[in-house]
Amino acid sequence: MTTQASAMTGTRGEKVALCDVAVKAALTDLLSEVSITQTYRNDEAVNIEAVYTFPLPQDAVLLELEVRIGERVLNGVVVEKKAAEQRYEEAISGGDAAVMLEAIEPGLYTLNLGNLMPRESATITYRYALLYRWAGDQLRFFLPTTIAPRYGATPHQPYQVPPASLMVENRFSLQVEISGSLGSAQFTCPSHAVTLAKTEGTVVLSLTEARAVMDRDFVLNLKAPNSTRSFVMCGADGAGVTAVASFQPFFPGLRAPRPLNLAIVIDCSGSMAGDSIAQARQALDGMLEALKPLDRVSMVAFGNATKSLADRPLPCNKANLARARAFATQLQADMGGTEIGAALAAAYATLSGIEAADIFLVTDGEVGDWQPVVAAAKSTGHRIFTVGVGAAVSEAFVRGLAQATGGECELVSPNEAMAERVLRHFERMRAPKARRVTLHWPPGAADLNPGAIGALFEGDTVIASARFDAAAIEGEVVLEIETAEGDIARQALPIGTAVAAGAADGHSTVARLAAAMRLTNLSPEAGLACALRYRLMSPWTNTLVIAERAEAQKAYDLPALRQVPHMLAAGWGGTWRHVDMFASAPSLGHGVMDCLAS
């Protein structure tokens with residue numbers, strides 16, 4: 001890749017260090033593997049520390065980190081977090097170059113590139129893998145490119161919160177190679193203009209323009225009715241084997257849709273202005289159409305404050321539905337900041353005393369400290385079904401909130417069909433609940449994940465894994481589902497004999513993917529040991545590279561901090577109205593969109 005001069009300038013004339021991002025992805029029968037190369041260049045007269053906080057898909061498992069500085073190519077090493085931070089600081093203080101990559105929340109990473117010298121370039125390449133999650137006969141390949149400003153307090157350090165700027169134009173290139181059974185799929189890309197080139201057994205997709213601006217998530221939808229969507233793959237795990245199974249269950253028996261007690265919660269904060277509030281209105285239209293006479297519904301709109309349709313769920317008769325539609329037509333993205341905790345508390349209040357109740361939340365999820373909101377929601381016992389809208393949705397929050405409460409999440413970017421996502425959620429909410437879900441592995445299975453299967457929806461993906469000490473395994477893994485009506489569905493998948501080879505340490509990509517899935521259920525001590533063993537990014541580990549310099553090439557001053565700014569997300573209705581106001585502003589901090597709108 002040709003190193004380019006930095007194209008952006010900061011508030012004091014300094015050049016922005018990140019000058020190119022190149023993405024290559026391979027989508028096969030079972031998983032996607034993605035390689036992202038970031039090119040940095042120091043066009044200043046002083047040594048700098050470039051800091052870039054960037055998003056990845058929530059379930060992405062980072063496998064490798066490679067750093068090229070000049071003619072040197074160095075590979076990242078996974079190190080316990082505090083030790084990594086200390087070694088990084090010592091390297092910087094000693095005049096050497098260093099790179100540290102840190103996971104600061106699910107799907108959000110901060111990269112520090114320290115002591116990049118004047119006129120020096122560095123390329124940093126990281127590779128991650130991701131197992132597919134089917135919904136019916138469709139899957140979604142998703143690549144976030146920018147982080148929208150978030151409302152409220154943040155749990156992160158100030159240098160980890162990326163500034164948002166109206167003046168920058170970050171760009172990326174993209175090539176996606178699709179093979180195997182996915183090669184015959186139907187493709188739609190609602191986010192970007194793309195071109196397809198087909199060869200025998202392979203489809204290569206690329207951006208129509210050579211380098212697109214990083215102001216929206218890249219979304220590729222695949223519809224593959226004839227593709228294999230349930231499978232088992234195995235990989236070497238030291239002297240043993242790890243198996244990962246992916247099921248797509250379908251329930252037996254007669255379907256009698258359940259009546260709903262439903263609270264609809266709509267984000268009307270300032271960050272929803274533009275495309276997002278338009279999508280929210282589409283979602284509301286779809287929800288009100290999907291309600292049936294035996295359902296009961298309440299509605300809460302929120303920003304800094306809340307507005308409610310009623311203090312209790314109303315029967316869905318014609319008069320109440322007309323009242324709900326009148327409430328919905330008045331909603332605008334003009335209610336200030338994203339006080340989502342208070343909004344959900346208002347929804348819980350309307351459902352007080354109702355055991356079998358669900359919440360349908362539509363939001364862009366741009367909240368700073370969202371983990372306490374998830375913890376509070378989990379304690380209520382209500383399922384929350386989320387729809388994340390906008391060009392740069394906060395996936396970790398909207399997906400984490402749904403998973404923690406036994407609901408499900410759908411992401412809908414501008415230009416995607418909202419109606420089918422709403423309908424899919426209603427099908428999930430109305431579906432009979434499984435009374436019992438069990439997984440049966442062959443003898444010798446250990447490190448089972450998940451330990452227990454919670455929410456299960458027909459046509460969605462269930463992923464499970466197990467480790468075996470034997471060098472080879474035989475038999476099958478069985479998913480068994482008993483419905484409330486007593487019907488039993490049994491899906492058996494044979495465990496193949498082909499085992500993917502491991503790396504030098506004996507751990508294959510399959511084994512590392514399975515280990516990453518186990519991390520969330522482990523104690524800090526066990527999680528650290530697992531992350532170090534399988535070379536994984538985690539809450540307890542960072543990835544570190546230290547490039548020692550000859551004495552004459554060392555930096556003798558501490559580096560100047562240079563944060564890489566993000567573009568504002570496409571489709572925000574307030575952007576161009578406020579360009580003149582902020583043309584001379586240094587950057588827009590988190591929460592600016594909510595502040596402007598209020």
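Everything below is about the structure shown above.
Keep in mind it's a predicted model, so treat the numbers as computed, not measured. (Residues numbered from 1 in each chain as written. Predicted model: local features only at pLDDT ≥ 70, side-chain atom pairs only at ≥ 80, totals over all residues. Heavy atoms only, no water.)

Some points on the overall build of the chain
To be explicit about the condition: Strands are runs of DSSP state E lasting at least 2 residues, helices are runs of H or I lasting at least 4, and numbering of each runs from the N terminus. The globule rule is 2.2 Å times the number of residues to the power 0.38, and the radius of gyration it is compared with is taken over C-alpha atoms. When a residue's accessible area, from a 1.4 Å probe over protein chains only, is under 20% of the maximum for its type it is buried; when over 50% it is exposed; and in between it is partly exposed. Note on definitions: a residue-residue contact is assigned when non-hydrogen atoms from the two residues lie within 4.5 Å. Values of accessible area rely on a 1.4 Å probe in the Shrake-Rupley scheme; residue burial ignores everything except the protein chains shown. Charged residues are defined narrowly, with Lys and Arg counted positive, Asp and Glu counted negative, and His plus the chain ends left uncounted. By convention, charge coordinates are those of NZ in Lys, CZ in Arg, CG in Asp, or CD in Glu.
Within the chain, the secondary structure is distributed over 11 helices and 35 strands. Relative to a compact globule of 598 residues, whose C-alpha radius of gyration would be 25 Å, the chain shows 25 Å and is just as compact. Along the three orthogonal principal directions, the C-alpha set of the chain runs to about 80 × 65 × 50 Å. Every one of the 598 residues in the chain was classed for burial, and the buried ones make up 58%. Relative to all contacts within the chain whose residues are 6 or more apart in sequence, the contacts with residues 24 or more apart total 76%. A total accessible area of about 24100 Å² is found for the chain, and carbon and sulfur atoms account for 52% of it. Considering the chain, the positive charge centre built from 50 side chains and the negative charge centre built from 63 side chains are found 4 Å apart.

Details of helix H6 (residues 395-405)
Of all 11 residues making up H6, nine are buried, and the element is well covered by its neighbours. The complete set of buried residues in H6 reads Glu395, Ala396, Phe397, Val398, Arg399, Gly400, Leu401, Ala402 and Thr405. Phi turns positive, to about 85°, at glycine 406, one or two residues after H6.

Let's talk about the environment of threonine 338
Let me state the cut-off plainly: Side-chain atoms alone can form a polar contact between residues adjacent in sequence; in general such a contact is a pair of N or O atoms within 3.5 Å, and within protein one must be able to donate a hydrogen while the other accepts it.
Relative to the elements of secondary structure, threonine 338 occurs in the loop between helix H3 (318-329) and helix H4 (340-350). Remark: the alpha-carbon pair of threonine 338 and arginine 140, spanning 198 residues in sequence, is separated by 27 Å. A distance of 3.0 Å separates a polar atom in the side chain of threonine 338 from a polar atom in the side chain of serine 269.

Here we look at the sheet that holds strand E7 (residues 97-105)
Backbone-to-backbone hydrogen bonds pair the strands of a sheet. The strands run either parallel or antiparallel. As a reminder, the rule being used: We treat two strands as partners when DSSP finds at least two bridges between them. Lines fitted to C-alpha atoms define the axes here, with helix axes fitted over just the stretch in contact, and angles between the N-to-C directions of these axes take values from 0 to 180 degrees.
In space, the six strands of this open sheet follow the order E6-E33-E7-E8-E3-E34, with mixed pairing throughout. Edge strands, defined here as strands with exactly one partner in the open sheet, are strand E6 (77-80) and strand E34 (560-563). Going from strand to strand, the sheet's axes swing by 25° on average, the running direction of each strand aside. Helix H9 (residues 524-534) contacts E6 and strand E33 (541-547) of the sheet and is inclined by roughly 160° relative to E6.

A look at the pattern of salt bridges
Just so we agree on the cut-off: We count a salt bridge whenever a side-chain nitrogen from Lys or Arg sits within 4 Å of a carboxyl oxygen from Asp or Glu.
All told, the structure shown has 39 salt bridges when counted by the stated rule. Of the charged contacts in the structure, one is a salt bridge between lysine 554 and aspartate 96, with a shortest N-O distance of 2.7 Å. Highlighted residues: lysine 554 in the loop between E33 and E34 and aspartate 96 in the loop between helix H1 (81-93) and E7, separated in sequence by 458 residues. The same class applies to lysine 554 as to aspartate 96, namely buried. Residues joined in a network through salt bridges with shared partners are Arg140, Glu410, Glu416, Glu420, Arg421, Arg424, Glu427, Arg428 and Asp460.

Quick word on the packing of aromatic side chains
The following threshold applies: Working definition: a ring pair exists when centres of Phe, Tyr or Trp rings (six-membered ring for Trp) sit within 6.5 Å. Plane angles under 30 degrees give stacked, over 60 give edge-to-face, the rest tilted.
Going through the model one piece at a time under the given rule, you end up with eight aromatic pairs. Between phenylalanine 141 and phenylalanine 218, the ring centres sit 6.3 Å apart and the planes meet at 70°, which makes this aromatic pair edge-to-face. Taken together, the residues phenylalanine 141 in strand E10 (residues 138-143) and phenylalanine 218 in strand E17 (residues 218-223) connect sequence positions 77 residues apart. Overall, phenylalanine 218 belongs to the buried group, its relative accessible area being 0%. An aromatic cluster of at least three residues, connected via ring pairs, comprises Tyr52, Phe54, Tyr109 and Tyr126.

Things to note about the sheet that holds E17
Strand order in this open sheet of three strands is E10-E17-E13, and the pairing throughout is antiparallel. Single-partner strands in this sheet number two, and they are E10 and strand E13 (186-188). For this sheet, the mean angle separating the axes of adjacent strands, direction not counted, is 20°.

Things to note about helix H8 (residues 509-518)
Most of H8 is tucked away: seven of the 10 residues are buried. When H8 is considered as a whole, its buried residues turn out to be Val510, Ala511, Arg512, Leu513, Ala514, Ala515 and Arg518.

Some points on unusual backbone geometry
Put simply, asparagine 449 and proline 450 share a cis peptide bond, and its omega is -5°. The phi torsion at asparagine 115 lies on the positive side, around 60°, for a residue other than glycine. Relative to the helices and strands, asparagine 115 resides in strand E8 (residues 108-116). If you check the backbone angles, arginine 535 has positive phi at about 60° while not being a glycine. Taking relative accessible area as the criterion, arginine 535 reaches 26% and is therefore assigned partly exposed.

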